[in-house]
Amino acid sequence: GGSGVPGADGIDAMAPDIEGSDGEPGGNGGKGGSGTSGALGGNGGKMKIMIKEKDLYLLMVLEPCEFKQSLLKGGQGGKVGEHGLGGRGGAGGKGGRALAIPLEEGKKKKRMIPEGKDGIPGADGLTPTWEIKDGADGTEGDFTIELIEGSEGEEYGERYNLAFENLELEGNSPMADPSECEFGDVISIRNIKVKNTGQMFLPTAQEIHFCIKDSSHAN
């Protein structure tokens, strides 16, 4: 809020019958502006993939199920504002000065014409005190995969996702524990077991192929 205007000064005493006048009160400070709560974050969108059962292999171009979290996440709510402070009250005006008038010529005795009183200062402006807060985050969006042929009408919240579960070492492998392998060692493995951790069944019309990526580290 803005500061109050200072009060006007009083008029000085000027004659035996004209005393000093009082200063005027200072103006009140302005009221502080009201802050606002943060706005609501936008809601995440809706995403639906419609696909034929024979084309389920195409879903492999999607990242695993966690990809949707970044795409469909609701927007973050806005930050809360701040209330403005009330303005300072204006200073009161100075009272008019007194006047000394000689009682008789040639004598030092004088009559004092009273001075005016100083004006009272203005009140400080009010600062808002009601509660304001950050805006709520938007709600998460919706992701579905709908089959339009084969198991028609079925919907899933995520695709299939294969995860490594277990393996066995061949009997003639030099290492009993794969965690002890060093760079350059060669081992043979069999009975690799994987598990579908997704909600959707695996593609039925295509063979499933595995690829072991080149790496300098055993993962």
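Residues numbered from 1 in each chain as written. Predicted model: local features only at pLDDT ≥ 70, side-chain atom pairs only at ≥ 80, totals over all residues. Heavy atoms only, no water.

Further remarks concern a negative patch on the surface. Side chains of Asp9, Asp22, Glu115 and Asp118 sit close together on the surface and give a patch of like negative charge. Within the secondary structure, Asp9 sits in the segment before strand S1 (46-51). Given the relative accessible area of 54%, Asp9 is considered exposed. (Patch = residues over 30% accessible without salt bridge, like charges linked within 9 Å, V, L, I, M, F, W, Y side chains within 5 Å. Areas by Shrake-Rupley, 256 points an atom, 1.4 Å probe, with all protein chains shown as cover. Salt bridge = Lys/Arg side-chain N within 4 Å of Asp/Glu carboxyl O. Lys, Arg positive; Asp, Glu negative; His and termini not counted. Charge placed at Lys NZ, Arg CZ, Asp CG, Glu CD. Helix = DSSP H or I, 4+ residues; strand = E, 2+ residues; numbered from the N terminus. Buried < 20%, exposed > 50% of the residue type's maximum accessible area, 1.4 Å probe, protein only.)

Bringing the pattern of salt bridges into the picture now. All told, the structure shown has four salt bridges when counted by the stated rule. Note that Asp55 and Lys54 form a salt bridge whose closest N and O atoms lie 3.4 Å from each other. Taking relative accessible area as the criterion, Lys54 reaches 46% and is therefore assigned partly exposed. We note a salt bridge from Arg88 to Asp124, for which the minimum N-O separation is 3.7 Å. Taken together, the residues span a long stretch of sequence, with Arg88 in the loop between helix H1 (67-72) and strand S2 (99-102) and Asp124 in the loop between strand S3 (110-113) and strand S4 (142-147) at a distance of 36 residues. Among the charged side chains, a salt-bridge network with shared partners connects Lys48, Glu146 and Glu155.

Another point: the environment of Pro25. Its location among the elements puts Pro25 in the segment before S1. For the pair Pro25 and Gly119, spaced 94 residues apart in the sequence, the C-alpha separation amounts to 4.4 Å. Here Pro25 is in contact with Gly7, Gly92, Gly119 and Ile120, once residues within four sequence places are set aside. (Contact = heavy atoms within 4.5 Å.)

Spatial ordering of the open sheet is given by S1-S4-S5, a layout of three strands whose pairing is mixed. Edge positions in the sheet fall to S1 and strand S5 (155-156), since each of these pairs with one other strand and no more. (Pairing = 2+ DSSP bridges.)

By themselves, these observations are geometric and do not establish any function.
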